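Each chain, letter by letter, is given below.
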Amino acid sequence: MATFLYKLGRLAFRRRGLMTLLWVLVFAGVGYAASVATTPPADTFSMPGTESQKAFDLLQKKFPAAGAEGASARVVIRAPQGQKISGPEAKNKVEALVADLKKAPGVIGATDPYQAKTLSKDETTAYAVVTYKEPATKLADKEHDGLDSALGKGRSSGLTVEAGGDAVKIEVSAASGEQIGILIAAIVLFLTFGSLIAAGMPLLTALIGVGLGISAITALGTTLGISTTTSTLALMIGLAVGIDYALFIISRYRSELAEGRERAEAAARAVGTAGSAVVFAGLTVIIALAGLAVVNIPMLTKMGMAAAGTVAIAVLIALTLVPALLGWAPFRVLRRIDRMQRKGKPLSARQQRKAAKLAARTKPNLGSRWAGYVLRHPVAVLLVGVVGLGALAVPAASLELGLPGEGTMAKTTTQRKAYDMLSESFGPGFNGPLMITVSGKDAKSAAATLRADLAQQNGVDSVSPASPNPANDTAILNVVPKTGPTDGKTEDLVHALRGLAGGEEAKTGAAEILVTGQTAMFIDFSKTLDDALLPYLGLVVGLAFLLLMLVFRSVLVPLKAALGFLLSVSASLGAVVAIFQWGWLKEAFNVEQPGPIMSTMPIFMIGVVFGLAMDYEVFLVSRMREAYAHGAGPDEAVVTGFRYGGRVVSAAAIIMASVFSGFILDDNSLVKMIGFALATAVLFDAFVVRMAIIPALFALLGKSAWWLPRWLGAVLPNVDVEGEKLAKYLTPAPVASTSTERREHEYIG
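Numbers given for residues are sequential positions, taken from 1 along each chain in its written order. In keeping with the model being predicted, local features are shown solely for residues with a pLDDT of at least 70 and side-chain atom pairs are shown and tallied solely at 80 or more, while totals for entire chains, interfaces and linings include all residues. Side-chain figures throughout are based on the complete set of non-hydrogen atoms in the structure, without hydrogens or water.

Student: I tried to follow the overall build of the chain on my own but got confused; where do I start?
Tutor: In terms of helices and strands, the chain carries 27 helices and 11 strands. Out of the 749 residues belonging to the chain, those deemed buried represent 52%. Of the roughly 32,900 Å² of accessible surface on the chain, a fraction of 60% belongs to carbon and sulfur atoms. The secondary structure listing takes helices from DSSP runs of H or I that are at least 4 residues long and strands from runs of E that are at least 2 residues long, numbered from the N terminus. Each residue is placed in one exposure class: buried if its accessible area under a 1.4 Å probe, protein chains only, is under 20% of its type's maximum, exposed if it is over 50%, and partly exposed if it falls in between. Here, Shrake-Rupley sampling with a 1.4 Å probe gives the accessible areas, and only protein chains in the shown set may cover a residue.

So this is what it looks like as structure tokens:
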């Protein structure tokens, strides 16, 4: 592996013009394909194998008109204080509002609350349902502006008017937090390298990789059924690993130059050594993302595969485009004083003093000093790290999963105001009705009998009359719970109703009774993700364990890496539960309403953080393995790994944490939650697990850390990530027959 990558790096550096041209052609080709591609399909959500999905498919077949894809809005209207919505004055205003809604662009219908009898019992509040021809994903600004205009007229008449539903535009806050994160990343890169070129190159190549990935997703959208939102995860993880991988290669290139290597040789060695770490780190990320397929939710599978493809592009760019760009600016990646010294240019008096000071400096760098401290106090460092993360992980035992809804939006949004008004006037369960499908020969009669029984169940507020289809082989009942959609009692009610299905089928003569609706689908979705969490963890950690065992030829090193990752993720989940579910420090993080944790968050966090954690593990420990394979002792190998890799891994972690932390500033509580979770997980894993717990374990285990059973070593292929074979390949021959050969081996050390 290292030998092949060494040759690839040298080729890319020397043939930089051709390599750059190839990438330009690829970028142009993929960009053109994306520009001429048809509009990607709208988001589709399905959960194969769940009762909710089975009922939804039945409704699509038996009630085709009801399964229309058009968007809808529920406009909630409340009379002025002290008035009734049924009063003549308020009624005229409501009817005028409904007339305006019917005239709004894209609207095909709006119900009259008085005819539809959608007034609250106290006659203070009513609602109208507005339906659109196009689905929510295709509504343009004119449709949203038309709805807002009608709502504004209603408010100006003295009514309180708010709206919810997928037809209502969701206000997205400006991405200032993300921009701040990228700015911090640029600053950290500059401080790390001391060169604008070196700092800008990882950002440039990461953006190129993300651009290629997103363009490919767009180009293949129609063919593979990939929606535009599929690219969200690809953007996040692609940017993260793209910066990391280029950072690793450039850092190693600078180290090789500092040791006196010739430029092409330095680039080749950087790709042969750090590039090997990049390849296997990338493979672990791809495993984590592709592993989302075990959840068996097509949307998540497509998101994972799209992101995995973007990571593969980032690896290819790091191995080929980065050394080519280094060829265009071979010394620009060095600090100014280093560039002048290599070119033999005279230094100013100030620069001479600085150069002399640097040359006289014998004190180990911060990474070496920290490694030395850990080696002297391994037990104390290990206990502090494990106990600290363990304490933070305790709240994770109370993790409650759920899905976002209008009830979790900021209280300043119209959707949240409409949600609260409906809960106050019609009951908390009104926002999360359940739909019961009854199929059989005489569905209407069976549903009527079932309705009477459902009305007697604890937790049921009301049950609507049966609505059969024309063939009378399927009927629908709407059940309004007494509790809200996210209330645990509502979930208990769903399970109770499903438990009654068997007995009710025998009693009513129905062929099948199913429970669905948005609330039931959310419950099924959360359970599907919850059930898939352990298999997903097992698959990802298990495959990565085998991969890392190949990389480091050790049993204990990958075991420590996997256990450390689980510890950091558990600590991050515990912090998320404490703040976003329990409400601790909610004012500091501007959490308006603590509640269940979004169901997809743990899965996504595991996938993203696992990839980044293995990046740091492979890059840091591969330098240790490289030193150990070349004759260093166990402790010396740890110090070497931190001397060369500690600063780079720290910079990479700070960059990623800064980017993720930018999302904490978002007004959307879900975005805020994801940003917080990812930022804390990266910080815990990089600075506590990789920088403290792992070296402490190396210190305690000594040579045993690199133990591999002899029989297993004979079976496992030697991928040579540390470049041991590369060193032999580059060792000079006893007698160099030509001056060319002497030059080839001149820079070997």
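On we go.
Student: How do you make sense of the sheet that holds strand β2 (residues 107–110) when you look at a structure like this?
Tutor: Hydrogen bonds between backbone atoms are what pair the strands of a sheet, whose relative direction is either parallel or antiparallel. Any two strands between which DSSP finds at least two bridges are classified as paired. Read from one edge to the other, the open sheet built from 4 strands follows the order β2-β3-β1-β4, with strand pairing classed as antiparallel. For this open sheet the edge positions go to β2 and β4 (160–164), each flanked by a neighbour on one side alone. The sheet shows a mean angle of 25° between the axes of neighbouring strands, taken without regard to direction. Inspection of the sheet shows strand β1 (residues 72–78) paired to β4 by 5 bridges, in the antiparallel sense. Across the sheet, residue Arg 78 finds its bridge partner in β4, namely Thr 160. The contact definition used throughout considers only heavy atoms, calling two residues in contact when any of these lie within 4.5 Å. Lines are fitted to the C-alpha atoms to define the axes, a helix being fitted only along its stretch in contact, and any angle between axes, read from their N-to-C directions, falls within 0 to 180 degrees. Along the sheet face, helix α4 (residues 88–103) touches β1, β2, β3 (125–132) and β4 and points at about 160° away from the line of β2. Packed on one face of the sheet, helix α17 (residues 414–426) meets β1, β3 and β4 and runs near 105° to β4.

Student: Even after reading the chapter, I still don't get the pattern of salt bridges, so can you show me in this structure?
Tutor: Between side chains of opposite charge, a pair can form as their charged atoms come close. The salt bridge criterion pairs a side-chain nitrogen of Lys or Arg with a carboxyl oxygen of Asp or Glu, the two atoms within 4 Å. Applying the stated rule across the entire model yields 16 salt bridges. The residue Asp 524 makes a salt bridge to Arg 498 at a minimum N-O spacing of 2.8 Å. Here the residue Asp 524 occupies a position in helix α20 (residues 518–552), and Arg 498 occupies one in helix α19 (residues 488–508), the gap between them amounting to 26 residues. Neither residue differs from the other here; Asp 524 and Arg 498 are each classed as buried. Where Arg 690 meets Glu 617, a salt bridge forms, and the shortest distance between an N and an O atom there is 2.7 Å. Remark: Glu 617 occurs in helix α22 (residues 600–629) and Arg 690 occurs in helix α24 (residues 669–701); sequence separation between them is 73 residues. One network of salt bridges, with partners in common, ties together Arg 10, Glu 265 and Arg 269.

Student: Whenever I open this one, the side chain of Thr 125 confuses me. Can you help?
Tutor: Turning to its location among the elements, Thr 125 is positioned in strand β3. On the accessibility criterion, Thr 125 (0% relative accessible area) is buried. Within polar-contact distance, the side chain of Thr 125 engages the side chain of Thr 124 at 3.3 Å. Any pair of N or O atoms that falls within 3.5 Å is considered a polar contact. Within protein, one atom must be able to donate a hydrogen and the other to accept it, and sequence-neighbouring residues count only if both atoms are side-chain atoms.

Student: Explanation requested: the environment of Leu 434 in the structure shown.
Tutor: When you line up the elements, Leu 434 lands in strand β6 (residues 434–439). Owing to a relative accessible area of 0%, Leu 434 belongs among the buried residues under this scheme. For the pair formed by Leu 434 and Val 460, sequence separation is 26 residues and the distance between their alpha carbons is 10.0 Å. When neighbours within four sequence positions are excluded, Leu 434 is seen to be in contact with Leu 477, Asn 478, Val 479, Pro 481, Leu 493, Val 494, Leu 497, Thr 516, Thr 519 and Ala 520.

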